[in-house]
Amino acid sequence: MFESSPLPTAVAPALSAAAGALDSIALGSYATLTQAGQIAACEALARLESRVKAHQLAAAHAADASEAAATVGATSTGAMLANTFGGDPAAGNRLVKQAMKLESVSATQQALARGEVSLAQAELIADKLTALPGGPTEAQRDGCENQLLDDAPRMTLKDLSRRADRISDTFAPDKVDAHENDILIAREAKAWANSYWWIADRRDGTYKGEFIIPEAQGEMLKNVLQAINAPQIKMAAGKAVDDPALAVLDDKPTYGQQMASAFCTLIEHLPGDKLPQTAGVGTTVTVNIDLDSLIDGLKAGTVSTGCRISAGEARRMACEQGLLPMVFNGGPLPLDCGRKERCFTTAQRRAMGKRDGGCTFPGCDRPPSWCVGHHARKRWAEGGTTDLVDGVLICAHHHRIVHVQHWDIVFAEDGHPDYIPPATVDPRRRPLRNARFRPHTAAA
Ligand SMILES: [Zn+2]
Ligand SMILES: [Zn+2]
């Protein structure tokens, strides 16, 4: 750190007046505003931030151009900026880059200084203008810049980016489709080139991974996970806390935990038998379990990949439609590959959907499409039939809870299932029921 010189008179009065103006507002006073007032204050401050940013970038650019860093012995403008305030050279370098970028788009720079666009919008416009297709003239380029500045306030950043990909409609309307197509081809090629994926066994019962995939596939994945997850989020928001079952419904999972759970649900529902079978590598995953464990035992099961799973988890997986249970009786050969005998047919699942209307766990509102048929009675494990009255629809999240925590399910006289929580959840084991409205069935 070095001693900074006093502010020169050309800027000192204005900058200290600006600082003084902010000082006159106590931080606590925002809490006393009306909600509309708080929203308006947030917007005004964001615009003020843009104004300050424009000046900060202009000053940084000027200091960079005059090589001011050398006069104080700093190795670069970024390092010099870090020394004056903040101590973060990476932030300093970023500021210099942003300043360079904005120097090429003067109208955008001015709009930032007037608080009309955010820095992110200004950067996006600068980036898009440097990559304009079709070799536009200076005037055409200015036209594009003004159009994007007009569009910016009405659009999200993502929409502004998509708009910018078609900005050549301002000077070459007959070529705009071709231009956009060229941009997309280049972007997709870059996305595939930059894509990567890894997954590693952490040897503590978890896997860790990371990936970069193209935007389209990323959005597909995110949509699917959010769809699997959505009702869960809704329940978590409106739950009654004193209800023991609802307390189980969410131990306040984080967003990350919810999405990870949705990802696992997706994996378990991949149609292994419909995926390409490469030489020697089967994509159909089986769950190997002893008959005793399938009924009630404690002996661990094995996934065909070799992974050992608890008896409860094995029972749950054996219950799922997409996973093939192989039931053993102590010997090396399976008694049967119990899909036909032990799994509900599509027609049975449909009938259960009519009866149950979705997940039957108390308090859950997941629709039938995200439920599996859970065997509520144990005789299915012994190879018995899977009668309609043996099964209930249940979502993946509650399926796990029911198997791991040992909830019992009994059918009441009206044919609907009651859930009996384990003593660990409710010492009195009072039955709970999903209160979903069912218009076509007799009342309890
Ligand atoms: Zn089950
Ligand atoms: Zn559920």
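Please refer to the structure placed before this passage.
Here is a short report on the structure shown in this document. (Residues numbered from 1 in each chain as written. Chains lettered and ligands numbered in written order. Predicted model: local features only at pLDDT ≥ 70, side-chain atom pairs only at ≥ 80, totals over all residues.)

What to know about the overall build of the chain
To be explicit about the condition: Only DSSP runs of H or I with at least four residues qualify as helices, and only runs of E with at least two residues qualify as strands; both kinds are numbered from the N terminus onward. Counting other C-beta atoms within 10 Å of a residue's own tells you its class, since 20 or more makes it buried, 12 or fewer makes it exposed, and anything in between is partly exposed; those C-beta atoms are placed from the backbone. Whether two residues are in contact is decided by their C-beta atoms, placed from the backbone, lying within 7 Å.
The helix and strand inventory of the chain stands at 18 helices and eleven strands. A total of 444 residues make up the chain; the buried ones form 25% of that total. Counting contacts in the chain only where the partners sit at least 6 residues apart, residues at least 24 apart contribute 52% of the total.

Re the pairing of strand β2 (residues 207-212)
Our working definition: Two strands make a pair as long as DSSP finds a minimum of two bridges between them.
For β2, the tally of buried residues reaches only zero of six residues, placing the bulk of the element at the surface. Sheet analysis places strand β1 (residues 196-201) next to β2, joined by six bridges and oriented antiparallel. Counted as the bridge partner of Trp197 is Phe211 from β2. Adjacent in sequence and paired antiparallel, β1 and β2 are bridged by five residues, among which Arg203 carries a positive phi angle near 55°.

Focus on unusual backbone geometry
Phi is mostly negative for residues that are not glycine, and the peptide bonds are mostly trans. The phi dihedral of Glu67 is positive, around 55°, even though this residue is not glycine. Turning to its location among the elements, Glu67 is positioned in the loop between α2 (35-65) and α3 (68-71). A positive phi angle, near 50°, is found at Arg429, a position not held by glycine. Examined against the element boundaries, Arg429 turns out to sit in the segment after β11 (417-420). The class of Arg429 is partly exposed, set by 14 C-beta atoms lying within 10 Å.

A word on the packing of helix α5 (residues 89-103) against helix α7 (residues 119-130)
Put simply, the test is: Think of each axis as a best-fit line through the C-alpha atoms, taken over the contacting stretch in the case of a helix, with angles from 0 to 180 degrees between the N-to-C directions. The labels follow the angle: roughly parallel below 35 degrees, roughly antiparallel above 145, roughly perpendicular from 65 to 115, and oblique for the rest. Crossing handedness follows the turn of the near helix against the far one: under a right angle anticlockwise gives a left-handed crossing, and clockwise gives a right-handed one. Charged means Asp, Glu, Lys or Arg here, nonpolar means Ala, Val, Leu, Ile, Met, Phe, Trp, Tyr, Cys or Pro, and polar covers whatever is left, Gly included.
Packing of α5 against α7 brings their axes to within 9 Å, and their N-to-C directions diverge by 60°. If you check the angle between α5 and α7, you find them oblique. For α5 against α7, the interelement crossing comes out left-handed. On α7, the residues touching Gln98, Lys101 and Leu102 of α5 are Ala122, Glu123 and Ala126. Of the residues that constitute the contact of α5 with α7, the class distribution is three nonpolar, one polar and two charged.

Examining helix α1 (residues 12-23)
Put simply, the rule reads: One less than the residue count of a helix, multiplied by 1.5 Å, gives the span that helix is expected to have.
Between the first and last C-alpha of α1 there are 16 Å, a value that for twelve residues agrees with the 16 Å anticipated at 1.5 Å per step. Within α1, only zero of the twelve residues are buried, which leaves it mostly out in the open.

Considering the nonpolar core
Selection rule: What makes a nonpolar core is a set of buried Ala, Val, Leu, Ile, Met, Phe, Trp, Tyr and Cys residues, with links drawn between C-beta atoms within 7 Å. In this entry, domain limits derive from an automatic or database-based domain assignment.
Residues Ala318, Cys359, Cys371, Ile394 and Cys395 are the most contacted members of the largest nonpolar core, which totals 31 residues. Among the elements of the structure, β3 (286-290), α15 (311-319), β6 (324-328), β8 (371-375), β9 (391-395) and α18 (396-405) are those that each provide at least two residues to this core. Among the elements that line this core, the one with the most residues is α15, at five residues. Each of domain 2 (220-254 + 344-444) and domain 3 (269-342) accounts for three or more of the residues forming this core. When sequence neighbours within four positions are dropped, the list of residues in contact with Ala318 reads Val287, Ile289, Leu294 and Pro325. In terms of nonpolar packing, the next biggest core, distinct from the first, is built from 27 residues, Met80, Cys144, Leu148 and Leu149 among them.

Side note on the packing of α15 against α18
Axis separation between α15 and α18 bottoms out at 8 Å; the angle between their running directions is 140°. By the angle class used here, α15 and α18 are oblique. Helix-helix and strand crossings are classified by hand; for α15 and α18 the assignment is right-handed. Counted together, Gly312, Glu313, Arg315, Arg316 and Cys319 of α15 and His399, Arg400, His403 and Val404 of α18 form the full contact between these two elements. Of the residues assigned to the contact of α15 with α18, the class counts are two nonpolar, three polar and four charged.

Re the environment of Leu432
Of note, Leu432 is situated in the segment after β11. A tally of 21 C-beta atoms within 10 Å means that Leu432 is categorised as buried. Sequence spacing of Leu432 and Phe361 is 71 residues, and the spatial spacing of their C-alpha atoms is 8.4 Å.

By themselves, these are just geometric observations and shouldn't be taken as functional.
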